[in-house]
Amino acid sequence: MSPSFQLTRAVAPDSTYAALRRDVLAGLTHSPKTLPPKWFYDAVGSELFTRITELPSYYPTAAERACLAAHSTEIASATGARTLVELGSGSLSTKSRHLLDALPDLHTYIPVDVSESALTLTGQALSTERPQLSVHALIADFTADFTLPVSVGPRLVAFLGSTIGNLLPVERTAFLSGVRDLLDPGDALLLGTDLVKDESVLVAAYDDPTTSLFNKNVLAVVNRELGADFDTDAFDHVALWNPNSEWVEMRLRSRTDQTVKIPELDLTVHFTEGEDLRTEISAKFRRDGVRTELAAAGLDLTHWWTDPQARFALSLSVAR
Ligand SMILES: C[S@@+](CC[C@H](N)C(=O)[O-])C[C@H]1O[C@@H](n2cnc3c(N)ncnc32)[C@H](O)[C@@H]1O
């Protein structure tokens, strides 16, 4: 890898393990049972997510890519960014490449993700594609406090893929205010948000065999890390639209009455037949709601672009 690539762990490995223990204990003793989506993304989960983004039914990636292809030059001239920070970057995507290509004065790229494997792949790709670019990857949890490496302004923080929709509304408020704290006045946030649309289109994006494998991967992670004995075949993948909250939910539905042991937590969890474990929400957005949430965090919406079919929006906002 090129000397211009650095990988920094902003969370101690044992704090990741402690956070997993905390989340599994809280989520599986809660009614209804839940697990946070960040635990999908070990190397297998990150690879499965990349496969999901290539499925025709998973329109958000193609729609957001179309927005970026059409508007990256405008984003570059509106922000003049010299540092691009990408939260939840995953492995280097065509979407990120559109931004990297468009920013003429870019000095530093800071991809931030919980997935070390995805960040390593990004480093490998960029060291051959863009050896002049300084790349400082951070293994960090974007819902927790972390500091960015020293970098030149202006800064543009990108949060793509509608990953913000995986946060509960109260978590979104805290997250956006944390992003504002990373920025100086005049720095910008580029946010990708999937839009409310026909239920059948929304559910189809989360209801296929690859997404089922991705969903069940969280059980494999808990088995490996905490010694649990989840039988992934004893759960069905479920995707449904919650019209009141305007989000898609992914769940794992227990096929039978069953008991799961998690020795590392000294915990036994009972599932009744048909009981659901919620593993992810994917909130869908409307323009007014996005503007209001950004404004509450001290970010003023300046641009709003959608793909030609108005399925997905990219917004640019500037820190007050
Ligand atoms: C839905 S994927 C989106 C990936 C990519 N940005 C895209 O648009 O295709 C979410 C990404 O965020 C990362 N992620 C999820 N929760 C995270 C967290 N709490 N902190 C840091 N990264 C997280 C995952 O590892 C994954 O790469």
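Residues numbered from 1 in each chain as written. Predicted model: local features only at pLDDT ≥ 70, side-chain atom pairs only at ≥ 80, totals over all residues. Heavy atoms only, no water.

1. Overview of the nonpolar core
Val24, Leu28, Phe230 and Ile262 are the most contacted members of the largest nonpolar core, which totals 36 residues. Considering each element in turn, this core owes the most residues, 5 residues, to helix H8 (residues 209–226). Setting aside residues no more than four positions away along its own chain, leucine 28 makes contact with Lys33, Thr34, Leu35, Phe230, Ile262, Val269 and Leu277. (Core = buried A, V, L, I, M, F, W, Y, C linked by side-chain atoms within 4.5 Å. Buried < 20%, exposed > 50% of the residue type's maximum accessible area, 1.4 Å probe, protein only. Helix = DSSP H or I, 4+ residues; strand = E, 2+ residues; numbered from the N terminus. Contact = heavy atoms within 4.5 Å.)

2. What about the packing of aromatic side chains?
According to the stated counting rule, one finds 13 aromatic pairs in the structure shown. The rings of Phe40, Tyr41, Phe49, Tyr58, Tyr206 and Phe214 are connected pair by pair, giving a single aromatic cluster. When the ring centre of phenylalanine 271 is taken as origin, the NZ or CZ atom of lysine 33, which lies over that ring, is 4.9 Å away. (Phe/Tyr/Trp six-rings, centres within 6.5 Å; stacked < 30°, edge-to-face > 60°. Lys NZ or Arg CZ within 6 Å of the ring centre and 35° of its normal.)

3. Brief notes about the site of the ligand
Neighbouring the ligand are 16 residues; Gly88, Lys95, Asp113, Asp141 and Phe142 lie closest to it. Aspartate 141 is positioned with one of its side-chain polar atoms (N or O) 2.8 Å from a nitrogen atom of the ligand. Within the backbone of glycine 161, an N or O atom sits 3.4 Å from an oxygen atom of the ligand. Its free accessible area being 590 Å², the ligand has 93% of it covered by the protein chains. For the shell around the ligand, the per-class residue count stands at 6 nonpolar, 6 polar and 4 charged. (Near = heavy atom within 4 Å. Polar contact = N/O pair within 3.5 Å; in protein donor to acceptor, adjacent residues only side chain to side chain. Areas by Shrake-Rupley, 256 points an atom, 1.4 Å probe, with all protein chains shown as cover. Nonpolar A, V, L, I, M, F, W, Y, C, P; charged D, E, K, R; others polar.)

4. Details of the sheet that holds strand E8 (residues 235–242)
The strand order across the open sheet built from 4 strands is E2-E12-E9-E8, with neighbouring strands paired in mixed fashion. Of all the strands in the sheet, the pair left with one neighbour each is strand E2 (33–34) and E8. For E2 and strand E12 (residues 276–283), the ladder comprises 2 bridges, and the chain directions are parallel. Within E12, the residue paired with lysine 33 across the bridge is leucine 277. Each of E8, strand E9 (247–254) and E12 is contacted by H8, which is oriented at about 65° to E9, the strand it contacts most. (Pairing = 2+ DSSP bridges. Axes fitted to C-alpha atoms, helices over the stretch in contact; angles between N-to-C directions.)

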